[in-house]
Protein chains: 2
Amino acid sequence: MAIPAERSPRGPGAEGEGAPLHLHRHAARPTIEDVAQFAGVSRGTVSRVLNGGHHVRPAVVANVNFAIETLGYSVNQAARNLAAGRTGSVAFVVSEHQEHIFEDPNYVLFVSVFGKELRRRGRHLLLTAAEDTEEEIFIGNYLSAGHVDGALLALPHADEPLLARLAQSRLPLVVIGRPLGYEDELSWVAIDDDTSAYEMVSYLVGRGRKRIGTVTGPLNTSGGRDRFEGYKRAVGPTFRASFVAEGDWSLESGRVGAKQILARHHNIDALFAASDLMALGALAALREAGRRVPHDVAVAGFDDSVAASLADPPLTTVRHPCEEIALEALRVLDDLMEGRSAGPEHVVLPTEFVRRRSA
Amino acid sequence: MAIPAERSPRGPGAEGEGAPLHLHRHAARPTIEDVAQFAGVSRGTVSRVLNGGHHVRPAVVANVNFAIETLGYSVNQAARNLAAGRTGSVAFVVSEHQEHIFEDPNYVLFVSVFGKELRRRGRHLLLTAAEDTEEEIFIGNYLSAGHVDGALLALPHADEPLLARLAQSRLPLVVIGRPLGYEDELSWVAIDDDTSAYEMVSYLVGRGRKRIGTVTGPLNTSGGRDRFEGYKRAVGPTFRASFVAEGDWSLESGRVGAKQILARHHNIDALFAASDLMALGALAALREAGRRVPHDVAVAGFDDSVAASLADPPLTTVRHPCEEIALEALRVLDDLMEGRSAGPEHVVLPTEFVRRRSA
DNA sequence: GTGAAAGCGCTAACAG
DNA sequence: CTGTTAGCGCTTTCAC
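Residues numbered from 1 in each chain as written. Chains lettered and ligands numbered in written order. Predicted model: local features only at pLDDT ≥ 70, side-chain atom pairs only at ≥ 80, totals over all residues. Heavy atoms only, no water.

### Some words on the sheet that holds strand 5 (residues 187-191) of chain B
Residue and element names in this part refer to chain B.
Okay, step 1: Within the open sheet, the six strands sit side by side as 2-1-3-4-5-11. Their pairing is parallel. Two strands bound the open sheet, and with one partner strand each, they are strand 2 (124-130) and strand 11 (346-349). Here the strands of the sheet are splayed against their neighbours by 20° on average, with no regard to which way each runs.
Okay, step 2: Across seven bridges, strand 1 (residues 89-95) lies against strand 2 in parallel orientation. Across the sheet, the residue bridging to Ser95 is Ala130, located in strand 2.
Okay, step 3: Of the strands in this sheet, strand 1, strand 2 and strand 3 (150-154) are in contact with helix 9 (residues 133-144), which crosses strand 2 at around 150°. (Pairing = 2+ DSSP bridges. Helix = DSSP H or I, 4+ residues; strand = E, 2+ residues; numbered from the N terminus. Axes fitted to C-alpha atoms, helices over the stretch in contact; angles between N-to-C directions. Contact = heavy atoms within 4.5 Å.)

See below:
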């Protein structure tokens, strides 16, 4: 407020000459100020154009954009974040070992989509794996300390202490998959595992298969539990626990599970694996046991990961829309971070039956 | 400059009372100012403590640290980066498809180590995959536009346009592996592929193997080329091109390559694969062909990835010190970013012969 | 050794 | 619709 009065004695525009400050500015990145000057507008206007161009005359927008291009200007995220009061980072928190995560094609896709989309929005992806309790505490502290604007969580296990911790923080949170025990209080985006599994197993039943086994996912995860429920509903009163083996999503667990079931029922005619990787393992076990697929035993997977189409025979499976889930999770998180949401949002995305040769 | 003059009529310190601004500061993160006040020192001193505590009395350091802990203070990276004139980000640029990358256990390790180490230093890891030419241009522009403080490059192919582009920018760069064509001008950290391969193949020779085949890596990469050179040196004058098949590091290419060699020489007694994954493929091909390993054919891999010890039989291989490479690359990059390096640094890390049962 | 003060580049009120 | 201005929280000279 005082400045104009002070300036007047020097005459208007006099300080425009106070340029010595700029002398040591060698080949520095152009700033918003440079753009403003070039376009003959104020910093504020340039900022508005940068942030959507609302309330700015189209002609001016064009002018500013021209200036931006000719100067090769690009926004300084640190400055923007500081001014806007955000960190510019979003965390992707996964439980389990980081190496194990990268084995799962679903996670890889998530990382890929999150990374790309966030960069488009001028944000960073922070990959954090909660490998052990110590790491979990560190992550809990780190996230709660305000180092990120929000977090995407893939913590499928029922009693995840980190989930409890984070749920109490003010941090915008979106869970990938339905978070057992926190369905109501947290936002999440998932698929209808139960119905998808039900439809797949019903398909097997419809094809005349009578003795259908299943290798489930971990039963303390919503995905593992719900796909198992769908299986149970579909086989109906013929359900018997001896047709079931619990796996952990991995190829090896699929092989072991299928072997167990085969040992108990040498004459199963179908097998529903709750993940493609496990189906692959089951395929190996069946091959070892001399069973032909799908002639003797029909095999169905879940996820439609790359492995599914490369399998021999290619897997009949359920497409898990990972990319859409990732995008939707990001949208929900954006709503949360920008304060556009009233309460927790729950999104259920449709899956798709994919018929190939294994069933 | 004008401001003090304007303020004086209100009396010194009068603006100290202009506190209403702080009223809407609800449960905000404590700032450096809060710490300074609590510790009874100035912002500058706290900053010094934050950055190593040089030129500060030990007692004061302790005081400030106490304040930091009790207040639960942690630095605001955006502000720090803005003030220090850096972005706080480091890119990890890889060629090829992102999905393909995550198949390679080496890359996964790199991502893991880079991410963790950079976070420790208050920096971010930006994962960028140059999947196609368009992406490459985008990445080139993005990196050159000053969005990152430096970049770690895994671009092994000889004529990588992105490498050429980046090499001309001012950006601090460290290449993982020896960059063909840019050995002198760029910094890099690698292993001695030639010698490592030489030693492995010499070991096979020493075990009495006479007809040694090899599945090489891509011959337009330094790793592929040098391991092949090592092989040639070791087999010496007995070298024949018909004992060689070129692979692409993948399991499948190892299987195909081994088959080709077997078709030409049904009686090979050893096979050196330039990667564990390819060795795994070769193992499968050998099994299909009814050869026993190592009795009929000794098989050696390279990398000592998890796959090596899980193989049947476990692979004799060369340990590729990925973690050390990652750490060293980060150190070199730090030197570059902080202006501590005179010129390009070249680091060659030792490998280790790992004897298991396959050879 | 330590404090004071000048920005870093940007956003977001607030006037007009 | 547009310009002005006050910070965002921190580092970094520059004095003392």
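### A look at the sheet that holds strand 11 (residues 346-349) of chain A
All names here are of chain A.
Okay, step 1: Reading across from one edge, 2-1-3-4-5-11 is the order of the six strands in this open sheet, with parallel pairing throughout. Two strands lie at the open edges of the sheet, namely strand 2 (124-130) and strand 11, each paired on one side alone. Recorded for the sheet is a direction-independent mean angle of 20° between the axes of neighbouring strands.
Okay, step 2: Here strand 1 (residues 89-95) runs beside strand 3 (residues 150-154); their pairing, made up of five bridges, is parallel. Among the inter-strand pairings, Ala91 is bridged to a residue of strand 3, identified as Ala151.

### A word on the protein's contact with DNA strand D
Okay, step 1: Lining the immediate environment of DNA strand D, one finds 28 residues, of which Thr45, Arg48 and Arg57 of chain A together with Ile32 and Tyr73 of chain B sit closest.
Okay, step 2: Near-protein atoms of DNA strand D (within 4 Å) split between backbone and bases, with sugar and phosphate holding 59%.
Okay, step 3: The side chain of Arg43 of chain B places a nitrogen or oxygen atom 2.6 Å from a base nitrogen of DNA strand D.
Okay, step 4: Asn76 of chain B places a polar main-chain atom, nitrogen or oxygen, 3.3 Å from a phosphate oxygen of DNA strand D.
Okay, step 5: Of all elements in the fold, only helix 4 (43-50) and helix 6 (77-84) of chain A together with helix 4 (43-50) and helix 6 (77-84) of chain B reach the threshold of two or more residues within the surface near DNA strand D.
Okay, step 6: Within the surface near DNA strand D, the residues separate by chemical class into 13 nonpolar, nine polar and six charged. (Near = heavy atom within 4 Å. Polar contact = N/O pair within 3.5 Å; in protein donor to acceptor, adjacent residues only side chain to side chain. Nonpolar A, V, L, I, M, F, W, Y, C, P; charged D, E, K, R; others polar.)

### Here's the deal with helix 5 (residues 58-71) of chain A
Okay, step 1: With 14 residues, helix 5 of chain A ought to run about 20 Å at 1.5 Å a step, and its terminal C-alpha atoms sit 20 Å apart, in line with that.
Okay, step 2: Of the surrounding elements, those touching the buried residues of helix 5 of chain A are helix 3 (32-39) and helix 4 of chain A. (Expected span 1.5 Å × (residues − 1).)

### A closer look at the environment of Arg48 of chain A
Residue and element names in this part refer to chain A.
Okay, step 1: Locating Arg48 in the fold gives a position in helix 4.
Okay, step 2: Here the alpha-carbon distance between Arg48 and Lys259, two residues 211 residues apart in the chain, equals 64 Å.
Okay, step 3: If sequence neighbours within four positions are ignored, Arg48 has contacts with Gly53, His54 and Val56.

### Here we look at the protein's contact with DNA strand C
Okay, step 1: Taken together, 26 residues surround DNA strand C, and among them Ile32, Arg43, Tyr73 and Arg80 of chain A together with Thr45 of chain B come closest.
Okay, step 2: Expressed as a percentage, the sugar and phosphate content of the atoms of DNA strand C within 4 Å of the protein is 60%.
Okay, step 3: One nitrogen or oxygen atom from the side chain of Tyr73 of chain A is found 2.3 Å from a phosphate oxygen belonging to DNA strand C.
Okay, step 4: Within the backbone of Arg57 of chain B, an N or O atom sits 2.6 Å from a phosphate oxygen of DNA strand C.
Okay, step 5: Elements that contribute at least two residues to the surface near DNA strand C include exactly helix 4 and helix 6 of chain A together with helix 4 and helix 6 of chain B.
Okay, step 6: Ranked by residues supplied to the surface near DNA strand C, first place goes to helix 4 of chain A with four residues.
Okay, step 7: For the surface near DNA strand C, the class distribution of residues is 11 nonpolar, nine polar and six charged.

### Focus on the side chain of Ser187 of chain B
Residues and elements named next belong to chain B.
Okay, step 1: Along the chain, Ser187 turns up in strand 5.
Okay, step 2: At 2.8 Å, the side chain of Ser187 and the backbone nitrogen of Glu345 are in polar contact.
Okay, step 3: Apart from the residues lying within four places of it in its own chain, the contact partners of Ser187 are Leu173, Val174, Val175, Val332, Leu336, Gly343, Pro344, Glu345 and His346.

### What to know about unusual backbone geometry
Residue and element names in this part refer to chain A.
Okay, step 1: In this chain, Val293 is followed by Pro294 through a cis amide linkage whose omega measures 5°.
Okay, step 2: Topologically, Pro294 is positioned in the loop between helix 14 (276-288) and strand 9 (298-300).
Okay, step 3: A positive phi angle, near 125°, is found at Asp303, a position not held by glycine.
Okay, step 4: Inspection of the secondary structure assignment puts Asp303 in the loop between strand 9 and helix 15 (306-310).
Okay, step 5: Its identity as a non-glycine residue notwithstanding, Asp304 has a phi of 55°, on the positive side.
Okay, step 6: Note that Asp304 resides in the loop between strand 9 and helix 15.

### Quick notes on the packing of aromatic side chains
Residues and elements named next belong to chain A.
Okay, step 1: By the definition in use, this model includes 22 aromatic pairs over all chains.
Okay, step 2: Taking 6.3 Å as the distance between ring centres and 50° as the angle between the ring planes, the aromatic pair formed by Phe38 and Phe66 counts as tilted. With Phe38 in helix 3 and Phe66 in helix 5, the pair connects residues that are 28 residues apart, well separated along the chain.
Okay, step 3: These aromatic residues form a ring-pair network of at least three members: Phe92, Tyr107, Phe110 and Phe114.
Okay, step 4: Across from the ring centre of Phe239, 5.7 Å away, lies the NZ or CZ of Lys232, which sits over that ring. (Phe/Tyr/Trp six-rings, centres within 6.5 Å; stacked < 30°, edge-to-face > 60°. Lys NZ or Arg CZ within 6 Å of the ring centre and 35° of its normal.)

### Description of the pattern of salt bridges
Okay, step 1: Throughout the structure, instances matching the rule amount to 45 salt bridges over all chains.
Okay, step 2: Between Arg227 of chain A and Asp193 of chain A there is a salt bridge, and its shortest N-O distance comes to 2.7 Å. Here Arg227 of chain A, found in helix 12 (residues 222-235), pairs with Asp193 of chain A, found in helix 11 (residues 193-206); they are 34 residues apart in sequence, far enough to count as distant. Taken as a pair, Arg227 of chain A and Asp193 of chain A share a single burial class, namely buried.
Okay, step 3: Here Arg233 of chain B ties to Asp194 of chain B by a salt bridge, and the two come within 2.7 Å at their closest N and O atoms. One end of the pair, Arg233 of chain B, is in helix 12 (residues 222-235); the other, Asp194 of chain B, is in helix 11 (residues 193-206), and 39 residues separate them in sequence.
Okay, step 4: The class for Asp194 of chain B is partly exposed, based on a relative accessible area of 21%.
Okay, step 5: Among the charged side chains, a salt-bridge network with shared partners connects Glu328, Arg331, Asp335, Arg340 and Glu345 of chain A. (Salt bridge = Lys/Arg side-chain N within 4 Å of Asp/Glu carboxyl O. Buried < 20%, exposed > 50% of the residue type's maximum accessible area, 1.4 Å probe, protein only.)

### What to know about the packing of helix 3 of chain A against helix 4 of chain A
Residues and elements named next belong to chain A.
Okay, step 1: One way to put it is that helix 3 packs onto helix 4 with a least axis distance of 8 Å and a crossing angle of 105°. Classified by the angle between their axes, helix 3 and helix 4 sit roughly perpendicular to one another. On helix 4, the residues touching Ile32, Glu33, Val35 and Ala36 of helix 3 are Arg43, Val46, Ser47 and Leu50.
Okay, step 2: Residues of the contact of helix 3 with helix 4, tallied by class, amount to five nonpolar, one polar and two charged. (Parallel < 35°, antiparallel > 145°, perpendicular 65-115°, else oblique.)

That's the geometry; what it means functionally is another story.
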